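Survey of secondary and tertiary structure
Chain residues, written in single-letter form:
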Amino acid sequence: MSVTASGQPDFSRPTGRPVPLVLVVEDQRQLRRALQINLRARNYEVLTALSGREALAAAATSPPDAMILDLGLPDMDGTDVIAAFRGWSRAPIIVLSGRTSPGDKIGALDAGADDYVTKPFAMAELLARLRAALRRDEPGPQVPLVATIGRWTIDLSAHTVQRPDGAEAEELRLTPTEWRILEVLLRRPGQLVGSAQLLTGVWGPDFQNRTNYLRFHMARLRRKLEEDPSRPRHLLTEPGMGYRYQP
């Protein structure tokens, strides 16, 4: 990773190099360096981060094609990084951790990780798992995610809201925050999304307790989309737990 003229890390992705970009999140300097060397030797672009917040900032600036993530980070647990990253990216996440208990593995996979490798590990096996994860993530035919709320048809891929006749609704505009909330909820139809998970996915790990943010933005979304905002049929609140999109 290069450094800008101001002395800050430069997370920008080089252009003109059609190779996967891998974000390595590891606070152990020697292991981080070994991963960086091995990945670059196999023609991957590599970004590195020492903490969860640094990783999320890097991923937001230069979205990676895959992430290799330690769970024991100095500022936050790796599962919180997974939950935040999964709020807006489907790129593969391979956990690389010294935690070996089934509970840790299940927690990471349930949070959205694609694979789990325990330390100590064989570099060849980790790289094989990375190749497999990237192959699974290769794009197929583009299928837009379309959902219906009230009389509106919402296309997450095109970022459009349309009337039943297919005409785009010029009078209805959603803010970027509203789109991010819908992205999380609509991709999990019928599933409960916990308030902390939704806050982390939309605003980041520092906002897990700002439930007032969700109440405000969910009320705005209901006023815009639900036919009867006081009796919502699609954007539901589960008191004390979270929110749910009901098709």
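My aim in this report is to walk through the structure given alongside it, one point at a time. It should be emphasised that the depicted structure is a prediction, and the values quoted were computed from it without experimental measurement. (Residues numbered from 1 in each chain as written. Predicted model: local features only at pLDDT ≥ 70, side-chain atom pairs only at ≥ 80, totals over all residues. Heavy atoms only, no water.)

Before going further, it helps to spend a moment on the overall build of the protein chain. Summing up its helical and strand segments, the protein chain has 8 helices and 13 strands in all. Residue burial in the protein chain is summarised as follows: out of 247 residues, 44% are buried. Of the contacts formed within the protein chain by residues at least 6 apart in sequence, a portion of 56% connects residues at least 24 apart. A total accessible area of about 12700 Å² is found for the protein chain, and carbon and sulfur atoms account for 49% of it. (Helix = DSSP H or I, 4+ residues; strand = E, 2+ residues; numbered from the N terminus. Buried < 20%, exposed > 50% of the residue type's maximum accessible area, 1.4 Å probe, protein only. Contact = heavy atoms within 4.5 Å. Areas by Shrake-Rupley, 256 points an atom, 1.4 Å probe, with all protein chains shown as cover.)

Time to look at the side chain of Arg244. Here Arg244 shows up in strand β13 (residues 242–245). With relative accessibility at 18%, the residue Arg244 sits in the buried group. One polar contact links Arg244 to Glu238, side chain to side chain, over a distance of 3.1 Å. With sequence-adjacent residues up to four places away left out, Arg244 is seen in contact with Leu185, Gly190, Gln191, Leu192, His234, Leu235, Leu236 and Glu238. (Polar contact = N/O pair within 3.5 Å; in protein donor to acceptor, adjacent residues only side chain to side chain.)

We now examine the pairing of strand β4 (residues 45–49). The buried count for β4 comes to 5 of 5 residues, which makes it a mostly enclosed element. Residues of β4 alternate between two faces, with Glu45, Leu47 and Ala49 on one and Val46 and Thr48 on the opposite face, all of them buried. Strand direction decides the pairing type here: strand β3 (residues 21–25) and β4, joined by 5 bridges, are parallel. Looking across to β4, one finds that Val24 is bridged to Thr48. In this region the chain leaves β3, passes through helix α1 (residues 29–41) and returns to the parallel neighbour β4; the handedness of that crossover is right-handed. (Pairing = 2+ DSSP bridges. Right-handed = clockwise from strand over helix to strand, strands pointing away.)

As a packed pair, helix α7 (residues 195–203) and helix α8 (residues 211–225) sit with axes 10 Å apart at the nearest point and diverge in direction by 80 degrees. Here α7 lies roughly perpendicular to α8, going by the angle between them. Mapping the contact onto sequence places Ser195, Leu198, Leu199 and Trp203 in α7 and Thr211, Tyr213, Leu214 and His217 in α8. Grouping the amino acids of the contact of α7 with α8 by side-chain chemistry returns 5 nonpolar, 3 polar and no charged. (Axes fitted to C-alpha atoms, helices over the stretch in contact; angles between N-to-C directions. Parallel < 35°, antiparallel > 145°, perpendicular 65-115°, else oblique. Nonpolar A, V, L, I, M, F, W, Y, C, P; charged D, E, K, R; others polar.)

A word on the sheet that holds strand β8 (residues 146–149). Spatial ordering of the open sheet is given by β8-β9-β10, a layout of 3 strands whose pairing is antiparallel. If you trace the sheet from one side to the other, it starts and ends with β8 and β10 (160–162), each paired once. Taking the axes of each pair of neighbouring strands and ignoring which way they run, one obtains an average angle of 25 degrees across the sheet. Sheet topology places β8 next to strand β9 (residues 152–155); 4 bridges connect them, and they run antiparallel. By the bridge assignment for β9, Val146 is matched with Asp155. Along the sheet face, helix α6 (residues 176–186) touches β8, β9 and β10 and points at about 90 degrees away from the line of β9.

Moving on: the environment of Val193. Relative to the helices and strands, Val193 resides in strand β11 (residues 192–194). Owing to a relative accessible area of 1%, Val193 belongs among the buried residues under this scheme. Separated by 45 residues in sequence, Val193 and Glu238 have C-alpha atoms that sit 9.2 Å apart. Residue contacts for Val193: discarding those within four places in its chain leaves Val184, Leu185, Arg188, Leu198, Met241, Gly242 and Tyr243.

The subject of this paragraph is the sheet that holds strand β12 (residues 235–238). Taken together, 3 strands build an open sheet; the order of strands is β11-β13-β12 and the sheet is antiparallel. Here the strands that pair on one side only, and so sit at the sheet edges, are β11 and β12. Put simply, the sheet's adjacent strands are angled 30 degrees from each other on average, direction ignored. Alignment of β11 against β13, held across 3 bridges, turns out to be antiparallel. Its bridge partner being in β13, Leu192 is matched across the sheet by Arg244. Strand contacts of α6: β11, β12 and β13, with the helix running at about 75 degrees to β13, the strand carrying the most contacts. Helix-sheet contacts for α8 involve β12 and β13, and the interaxial angle to β12 is about 150 degrees.

Here we come to a positive patch on the surface. Taken together, Arg42, Arg131, Arg135 and Arg136 make up a surface patch of like positive charges. Locating Arg136 in the fold gives a position in helix α5 (residues 123–136). (Patch = residues over 30% accessible without salt bridge, like charges linked within 9 Å, V, L, I, M, F, W, Y side chains within 5 Å. Salt bridge = Lys/Arg side-chain N within 4 Å of Asp/Glu carboxyl O. Lys, Arg positive; Asp, Glu negative; His and termini not counted. Charge placed at Lys NZ, Arg CZ, Asp CG, Glu CD.)

Where β12 and β13 come together, 4 bridges link them in antiparallel fashion. From the neighbouring strand, Leu236 faces β13, where its bridge partner is Arg244. The hairpin turn running from β12 into β13, its antiparallel successor, is 3 residues long, and Gly240 in that turn takes a positive phi close to 75 degrees.

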